[in-house]
Amino acid sequence: MPGAGEATLFEVLRPDRLAAPLVLDSPHSGTIYPSDFAPAQPPERYRRAEDMYVDELFSAAPALGLPLLKALFGRIYCDVNRAFDDLDPAVLDDAQGLDLAPSGKARLGKGVVWTATPPDGAPLLAGPLLRTDYLARLERCWHPYHAMLAELLGEIRAAHGRVFHLDLHSMQPVANAMHEDATGSLRPDIVLSDLEGTSAAAGYLEAARDLLLGLGFSVKVNDPFKGAEILRRHGDPARGVHSLQIEVNRALYMNVEHYGKTARFDDTRQRLSAFLTSLRDWAAKSSG
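Residues numbered from 1 in each chain as written. Predicted model: local features only at pLDDT ≥ 70, side-chain atom pairs only at ≥ 80, totals over all residues. Heavy atoms only, no water.

1. A look at the overall build of the protein
Across its full length, the protein holds seven helices and nine strands. Against the 2.2 N^0.38 benchmark of 19 Å for 288 residues, the protein shows a C-alpha radius of gyration of 18 Å, consistent with a compact globule. By principal-axis analysis of the C-alpha atoms, the protein measures approximately 55 × 40 × 35 Å. With 288 residues in all, the protein has 53% of them scored as buried. (Helix = DSSP H or I, 4+ residues; strand = E, 2+ residues; numbered from the N terminus. Rg over C-alpha atoms; globule rule 2.2 N^0.38 Å. Buried < 20%, exposed > 50% of the residue type's maximum accessible area, 1.4 Å probe, protein only.)

Below is the structure:
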């Protein structure tokens, strides 16, 4: 609910002992909407943008010896997988002097601060976004989240010479009007992305894909998702930082209209935990 729990806006779950140079982050599973969030739509509409339960699906990470960074704020409040300047100036009450660079996503109302509501793009806010609120969200959410992720990746890369990073997301089973792929397009179980070969070594993506296929998931690579700001900002294979984005089809674990977990949730979580275990072992061997 808006106004709740504003003190802590992200959380790092660290293992007792690091088992492999592999870091996970879940940037869109947060449910806190601070007091400056004033939606014109009800929660059952705007919460559709959340990557619900993704942090739970991968919650085995710390017990497996892997750190997990979680955003606690709602994605539409501040989307850390967009560039900090990815905002349409037309949505602000005052954009004078701001150097903004809106992408196609921002034009659809889903830039660094969302102004449209899925699935049909209905206005999220009753009026213009206040410039002061936009800048405050960057300072309270965007910059600290990226700083913490960079710290985790840098710490482990320094100790091991390289680090593997898995950026966790979920996707609607069928594309809607706010997506870049054609409305009505069916999605596979999993999409892996590496910015078309630029954010990670090919061997990392191949290992992840093969492990997922071996667990019975259908997998596509860079289709329809190629990765976004988190991979662009942190993935740097030349410096030993290898970042992949993973999108999990929501139909595998939840009711996409009513948001509750389905009977498939536990099975999907167990299969993803098995994937993490094998990926951890691969990363440990690959850093030796």
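2. Quick word on the pattern of salt bridges
Here the structure, examined in full by the defined rule, presents 20 salt bridges. For aspartate 236, the salt bridge is made with arginine 239, and the minimal N-O distance between the two is 3.9 Å. You can call aspartate 236 partly exposed: its relative accessible area is 26%. Between arginine 269 and aspartate 266 there is a salt bridge; the shortest N-O distance is 3.0 Å. Here arginine 269 pairs with aspartate 266, and both are found in helix H7 (residues 265-286), just three residues apart, close to one helical turn. The class for aspartate 266 is partly exposed, based on a relative accessible area of 41%. (Salt bridge = Lys/Arg side-chain N within 4 Å of Asp/Glu carboxyl O.)

3. Some remarks on the packing of aromatic side chains
Counted under the stated rule, the structure contains ten aromatic pairs. Each ring, one from tyrosine 33 and one from phenylalanine 37, has its centre 5.0 Å from the other, and the planes form 35°; the classification is tilted. Like tyrosine 33, the residue phenylalanine 37 is buried in the burial classification. Taken together, a centroid distance of 5.5 Å and an interplanar angle of 75° make the contact between phenylalanine 84 and tryptophan 142 edge-to-face. Highlighted residues: phenylalanine 84 in the loop between strand E3 (68-71) and helix H3 (104-107) and tryptophan 142 in helix H4 (residues 131-160), separated in sequence by 58 residues. Taken together, Tyr33, Phe37 and Tyr46 form an aromatic cluster joined through their ring pairs. Note that lysine 261 overlies the ring of phenylalanine 265, its terminal NZ or CZ placed 4.5 Å from the centroid. Just above the ring of phenylalanine 217 sits the side chain of arginine 271; from NZ or CZ to the centre is 3.9 Å. (Phe/Tyr/Trp six-rings, centres within 6.5 Å; stacked < 30°, edge-to-face > 60°. Lys NZ or Arg CZ within 6 Å of the ring centre and 35° of its normal.)

4. Some details on the packing of helix H5 (residues 202-214) against H7
Direction vectors running N to C along H5 and H7 enclose 145°, while the axes themselves pass 10 Å from each other. H7 is crossed by H5, and the crossing has right-handed handedness. Counting all contacts with H5, which are made through Gly203, Tyr204, Ala207, Ala208, Leu211 and Leu212, the residues of H7 involved are Leu272, Phe275, Ser278, Leu279 and Trp282. Of the residues belonging to the contact of H5 with H7, the class tally is nine nonpolar, two polar and no charged. (Axes fitted to C-alpha atoms, helices over the stretch in contact; angles between N-to-C directions. Left-handed = near helix turned anticlockwise from the far one by under 90°. Contact = heavy atoms within 4.5 Å. Nonpolar A, V, L, I, M, F, W, Y, C, P; charged D, E, K, R; others polar.)

5. Overview of the nonpolar core
Formed by 38 residues in total, the largest nonpolar core has its most connected members in Phe73, Ile76, Leu87, Val112 and Tyr134. If you list the elements that add at least two residues to this core, you get E3 and H4. A per-element tally of this core places H4 first, with ten residues. Not counting chain neighbours up to four residues away, the residues in contact with phenylalanine 73 comprise Leu9, Gly30, Thr31, Ile32, Cys78, Val80 and Cys141. (Core = buried A, V, L, I, M, F, W, Y, C linked by side-chain atoms within 4.5 Å.)

6. A few points about the side chain of glutamate 50
Counting through the fold element by element, glutamate 50 comes out in the loop between helix H1 (43-46) and helix H2 (54-57). Ignoring any residue separated from it by four or fewer positions in sequence, one finds glutamate 50 in contact with His28, Gly30, Thr31, Tyr33, Ser170 and Arg250.

7. Points about the sheet that holds strand E2 (residues 22-26)
The strand order across the open sheet built from seven strands is E1-E3-E2-E6-E9-E7-E8, with neighbouring strands paired in mixed fashion. With partners counted over all chains shown, the strands left at the sheet margins are strand E1 (10-13) and strand E8 (219-221), one partner each. Going across the sheet, the axis of each strand differs from the next one's by a mean of 20°, ignoring polarity. Here strand E6 (residues 163-171) runs beside strand E9 (residues 241-249); their pairing, made up of nine bridges, is parallel. In the sheet register, histidine 165 faces E9, and the bridge partner there is serine 243. Across the sheet, H4 touches E1, E2, E3, E6 and E9, and the angle it forms with E2 is around 170°. Strands in contact with H5 are E2, E6, strand E7 (190-193), E8 and E9; relative to E9, the strand with the most contacts, it is inclined by about 30°. (Pairing = 2+ DSSP bridges.)

8. Re unusual backbone geometry
For residues that are not glycine, phi is negative in most cases, and the peptide bond is trans in most cases. The step from proline 118 to proline 119 runs through a cis peptide bond, and the omega angle for that step is 5°. Examined against the element boundaries, proline 119 turns out to sit in the loop between strand E4 (116-117) and strand E5 (122-123). With omega at 10°, the peptide bond leading from aspartate 223 into proline 224 counts as cis. Looking at the secondary structure, you find proline 224 in the loop between E8 and helix H6 (229-234). Non-glycine residue glutamate 196 carries a positive phi angle of around 55°. With a phi close to 55°, asparagine 222 is a non-glycine residue in the positive phi region. Structurally, asparagine 222 can be placed in the loop between E8 and H6. Judged by its relative accessible area of 13%, asparagine 222 is buried.

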